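# What the coordinates show
The lines below spell out each chain.
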Amino acid sequence: MTRMLDGREKTADRLLKSSANKFYDPEVDIDWAAPLPEGKPYELEHRCSLYGTHLWDQLTPEQRIELGKHEIASIASNGIFFEVLLMQLLLKDIYRGDPTSRHVQYALTEIADECRHSTMFARMVERFDAPPYGPVKIVHQLGKLLPVLGYGPALYGSILVAEEVLDRLQRESMADENVQPLVRMVNRIHVLEEARHVTFAREEVTRGMAKLSKTELYYQRWLIASVSFAITRSLINPRVYASVGLRPKEAWETAMANPHFQETMRWAGERIVAFLDEAGLVGAPGMRMWRRSFLVAK
Ligand SMILES: [Fe+2]
Ligand SMILES: [Fe+2]
């Protein structure tokens, strides 16, 4: 049967073809037994949450590398948390959708990508011998509500915030030859496959916005601002600082007040926030949350 494809179906059709042509299997494409060369950073120094603070000055070069390793483990395990939530959201769409449509089939394909990514992030954390930090307990609990309460463009928009913030950090790290080869390879695989997800979700946001009533718009703006706040505040779990003998609470508060870290978040979210702003999702009543997420400058 040949069917007429509308805009949404056309995009999904193109993404399905691209997914079939270009994907990685981290199980075989990554050499998990390769040594982790000593002295090479896991995270770019200027992206470390404490960079430029008095606590940073107290750390030895070895401790800085160690902290960077734990921050990457925290970001990767939060990546798993976000991807697991995203998969639930996609499943909701699949549950009520037409499985013979291209966009439902693409949603299934995206879940397959995310399954491989989450396994890959988990293997990397395991290889680092670091704890699977994930988000703090309260965020982990609140996360359960998202697939129940969330709907509409703010949901796809929230997915984009998580994906695009990580994307920008990962692109910068994979381009630097000094970074640990394992981290660079994981980032390269993720960046390549996420580009399709971003295309799909951006179109869903634009389509969803066109259908919103005024009251719904406020709810959607509040929802995406709250989720974005949770995302940027969760990436670095306070427990990472214990790996270099710092007090977690004090170090985390120092990091959140660190202008370098705030600027890293603003820079990482620059492109997606501009897109969401243009779509009409960045506005009252969410502005205080946006500023506190560091994604929108004070
Ligand atoms: Fe992913
Ligand atoms: Fe994704």
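Now for a quick tour of the structure. A quick note: this is a predicted structure, and the numbers were derived from the prediction, not measured. (Residues numbered from 1 in each chain as written. Chains lettered and ligands numbered in written order. Predicted model: local features only at pLDDT ≥ 70, side-chain atom pairs only at ≥ 80, totals over all residues. Heavy atoms only, no water.)

### Overview of the overall build of the protein
Helix and strand counts for the protein come out as 13 helices and zero strands. Listing every helix and strand of the protein by position from the N terminus yields α-α-α-α-α-α-α-α-α-α-α-α-α. Computed over C-alpha atoms, the radius of gyration of the protein comes to 19 Å, within 12% of the 19 Å expected from 2.2 N^0.38 for 298 residues, which places it in the range of a compact globule. The C-alpha extent of the protein, read off along each of the three principal axes, is 65 × 45 × 30 Å. Out of the 298 residues in the protein, the part that is buried amounts to 54%. For the protein, restricting intrachain contacts to residue pairs at least 6 apart in sequence, the fraction spanning at least 24 positions comes to 83%. Working note: accessible area of the protein is about 14,100 Å², and carbon and sulfur atoms make up 58% of it. Here the protein holds 38 positive side-chain charges and 39 negative ones, and the gap between their average locations is 6 Å. (Helix = DSSP H or I, 4+ residues; strand = E, 2+ residues; numbered from the N terminus. Rg over C-alpha atoms; globule rule 2.2 N^0.38 Å. Buried < 20%, exposed > 50% of the residue type's maximum accessible area, 1.4 Å probe, protein only. Contact = heavy atoms within 4.5 Å. Areas by Shrake-Rupley, 256 points an atom, 1.4 Å probe, with all protein chains shown as cover. Lys, Arg positive; Asp, Glu negative; His and termini not counted. Charge placed at Lys NZ, Arg CZ, Asp CG, Glu CD.)

### Some words on the nonpolar core
Among the nonpolar cores identified, the biggest contains 89 residues, and Met 124, Phe 128, Tyr 241, Leu 276 and Trp 290 are the most heavily contacted of them. Ranked by residue count, the leading element in this core is helix α4 (residues 61–96), at 13 residues. Once residues lying within four places of it in the same chain are set aside, the contact partners of Met 124 are Trp 32, Ile 72, Ala 76, Leu 182, Val 183 and Val 186. (Core = buried A, V, L, I, M, F, W, Y, C linked by side-chain atoms within 4.5 Å.)

### Here's the deal with the coordination of the iron ion (ligand 1)
Protein-derived ligands of the iron ion (ligand 1) are Glu 83 (OE), Glu 114 (OE), His 117 (ND1), His 190 (NE2) and Glu 194 (OE), with the metal-ligand distances lying across 1.9 to 2.3 Å. Here the iron ion (ligand 1) and the iron ion (ligand 2) are spaced 3.6 Å apart, and both take Glu 114 as a donor. Remark: His 190 occurs in helix α9 (residues 181–209) and His 117 occurs in helix α5 (residues 102–128); sequence separation between them is 73 residues. Residue His 117 shares its accessibility class with His 190, and that shared class is buried. (Donors = N, O, S within 2.8 Å, 3.2 Å for Na, K, Ca; no water.)

### Quick word on a nonpolar patch on the surface
A surface patch of nonpolar side chains, amounting to about 560 Å² of accessible area, comprises Val 136, Ile 138, Leu 142, Leu 145, Val 148 and Leu 149. Elements with a minimum of two residues in the nonpolar patch: α6 (137–143) and α7 (146–149). (Patch = residues over 30% accessible without salt bridge, like charges linked within 9 Å, V, L, I, M, F, W, Y side chains within 5 Å. Salt bridge = Lys/Arg side-chain N within 4 Å of Asp/Glu carboxyl O.)

### Concerning helix α11 (residues 248–256)
If you check which residues of α11 are buried, you get Ala 251, Thr 254, Ala 255 and Met 256. Each element contacted by the buried residues of α11 is listed here: α3 (54–58), α10 (214–234) and α12 (259–279).

### Focus on the coordination of the iron ion (ligand 2)
Every protein donor of the iron ion (ligand 2) is accounted for by Glu 114 (OE), Glu 163 (OE), Glu 194 (OE), Glu 194 (OE) and His 197 (ND1), and the metal-donor separations fall at 1.9 to 2.5 Å. We note that the donor set of the iron ion (ligand 2) lies within a single chain, spaced as E-x48-E-x30-E-x2-H.

### Regarding the environment of Val 191
Among the secondary structure elements, Val 191 is positioned in helix α9. When neighbours within four sequence positions are excluded, Val 191 is seen to be in contact with Asp 167, Gln 170, Arg 171 and Met 174.

### Describing the packing of aromatic side chains
Tallying each qualifying case throughout the model produces eight aromatic pairs. By way of ring pairs, the aromatic residues Tyr 106, Tyr 156 and Phe 200 are connected into one cluster. Just above the ring of Trp 267 sits the side chain of Arg 47; from NZ or CZ to the centre is 3.9 Å. The ring of Phe 275 is capped by Arg 202, whose NZ or CZ atom sits 4.4 Å from the centre of that ring. (Phe/Tyr/Trp six-rings, centres within 6.5 Å; stacked < 30°, edge-to-face > 60°. Lys NZ or Arg CZ within 6 Å of the ring centre and 35° of its normal.)

### Considering the environment of His 46
Relative to the helices and strands, His 46 resides in the loop between α2 (26–29) and α3. The spacing of His 46 and Gly 269 is 223 residues in sequence and 16 Å in space, taken between C-alpha atoms. Discounting residues that sit within four places of it in the chain, His 46 has contacts with Tyr 51, Glu 172 and Thr 264. Within the structure, the side chain of His 46 is placed 3.0 Å from the side chain of Glu 172, a separation counted as a polar contact. (Polar contact = N/O pair within 3.5 Å; in protein donor to acceptor, adjacent residues only side chain to side chain.)

### Observations concerning the packing of α4 against helix α8 (residues 153–174)
For the pair α4 and α8, interaxial distance at closest approach is 11 Å and the crossing angle is 150°. One element, α4, and the other, α8, form an angle in the roughly antiparallel class. Pair α4 / α8 crosses with left-handed handedness. Across the interface between the two elements, Ile 75, Gly 79, Phe 82, Leu 86, Leu 89, Leu 90 and Asp 93 from α4 touch Leu 155, Tyr 156, Ile 159, Ala 162, Glu 163 and Leu 166 from α8. Of the residues that constitute the contact of α4 with α8, the class distribution is ten nonpolar, one polar and two charged. (Axes fitted to C-alpha atoms, helices over the stretch in contact; angles between N-to-C directions. Parallel < 35°, antiparallel > 145°, perpendicular 65-115°, else oblique. Left-handed = near helix turned anticlockwise from the far one by under 90°. Nonpolar A, V, L, I, M, F, W, Y, C, P; charged D, E, K, R; others polar.)

### Some points on the packing of helix α1 (residues 7–21) against α9
Axis separation between α1 and α9 bottoms out at 10 Å; the angle between their running directions is 170°. On the basis of their axis angle, the class for α1 and α9 is roughly antiparallel. Two secondary-structure elements touch here, α1 through Gly 7, Arg 8, Thr 11, Ala 12, Arg 14, Leu 15, Ser 18 and Ser 19 and α9 through Arg 196, Thr 199, Phe 200, Glu 203, Glu 204 and Arg 207. Among the residues forming the contact of α1 with α9, the class breakdown is three nonpolar, five polar and six charged.

### Some thoughts on the pattern of salt bridges
When charged atoms on two side chains of opposite charge get close, those side chains can pair. Summed over the entire model, instances satisfying the criterion amount to 19 salt bridges. Arg 96 is the partner of Asp 93 in a salt bridge, and the nearest nitrogen-oxygen pair spans 2.8 Å. A residue pair is termed a helical-turn pair when its members lie 3 or 4 positions apart in one helix, as Asp 93 and Arg 96 do in helix α4 at three residues. Across the pair Glu 204 and Arg 207 runs a salt bridge, and its minimum N-O distance is 3.2 Å. With Glu 204 and Arg 207 both in helix α9 and three residues apart, this pair spans about one turn of that helix.

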